[in-house]
Amino acid sequence: MKTTIVAFCLIFAGLQLSHAQPKLPNSASTPVTKDAQELLDLSKAKWEWMANKNVDTLNGLFEENCVFVHMGGSWGKTQELNTIKSGMIWYKKAEVYSASVNIFGNTAILLNDIDLLAVVGGNEVTHAFMVTEVYLKKDGKWKMGSLTFSTLLRPVKMNKQ
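Computed from a prediction, not measured in an experiment: that's the story for all the values here.

(A) The sheet that holds strand 2 (residues 73-76), seen in detail. Taking strand neighbours across the sheet as the criterion, the six strands line up as 2-1-6-5-4-3 in an open arrangement whose pairing is mixed. This sheet does not close on itself; its edge strands, each paired only once, are strand 2 and strand 3 (89-104). The mean inter-strand angle of the sheet, taken between neighbouring strand axes irrespective of direction, is 20°. Here strand 1 (residues 62-70) runs beside strand 6 (residues 141-151); their pairing, made up of four bridges, is parallel. The residue bridging Val67 from the neighbouring strand is Ser146, located in strand 6. Along the sheet face, helix 2 (residues 34-51) touches strand 3, strand 4 (107-120), strand 5 (123-138) and strand 6 and points at about 170° away from the line of strand 3. Of the strands in this sheet, strand 1, strand 2 and strand 3 are in contact with helix 4 (residues 77-86), which crosses strand 1 at around 65°.

(B) View of helix 2. Taking 1.5 Å per residue as the helical rise, helix 2 with its 18 residues ought to reach 26 Å, and the 26 Å between its terminal C-alpha atoms agrees with that figure. The set of residues buried in helix 2 consists of Ala36, Leu39, Leu42, Ser43, Ala45, Lys46, Trp47, Met50 and Ala51. Against the buried residues of helix 2 lie helix 3 (55-61), helix 4, strand 3, strand 4, strand 5 and strand 6.

Analysis parameters
- Residues numbered from 1 in each chain as written.
- Predicted model: local features only at pLDDT ≥ 70, side-chain atom pairs only at ≥ 80, totals over all residues.
- Heavy atoms only, no water.
- Pairing = 2+ DSSP bridges.
- Helix = DSSP H or I, 4+ residues; strand = E, 2+ residues; numbered from the N terminus.
- Axes fitted to C-alpha atoms, helices over the stretch in contact; angles between N-to-C directions.
- Contact = heavy atoms within 4.5 Å.
- Expected span 1.5 Å × (residues − 1).
- Buried < 20%, exposed > 50% of the residue type's maximum accessible area, 1.4 Å probe, protein only.

Okay, structure coming up:
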């Protein structure tokens, strides 16, 4: 009986987590500043550049010691650009459901709630992620310092058409 109650509680908790929606700080609750809008636009463009394997433009966006954290490991700028160029990971389509920006002086943290359709090692996969992007403002331009993918427990919402 005790095992049944514990199992029921775990199943109920799992169902609650699977339907939870992330609440992003500062998303739609405060006016968007010029810098915040610039970062939101830059992030959106970055997803398109990644989908189009535009490594020359990405090379200019990524800071030299930029760090990338994926489900399968972490690496630097050169390996990320080579991974994109070779097609080992093709960021085919990122559907962004919400985004927020927090700016601390010359550092900005951008959070994206996305579904990512990607081709990884020849296999098409779709995952729900919270993506954390860290940007640094240098000489008046935002450069990416870090990109981290964290798996979300919600179901994928993307229509793969």
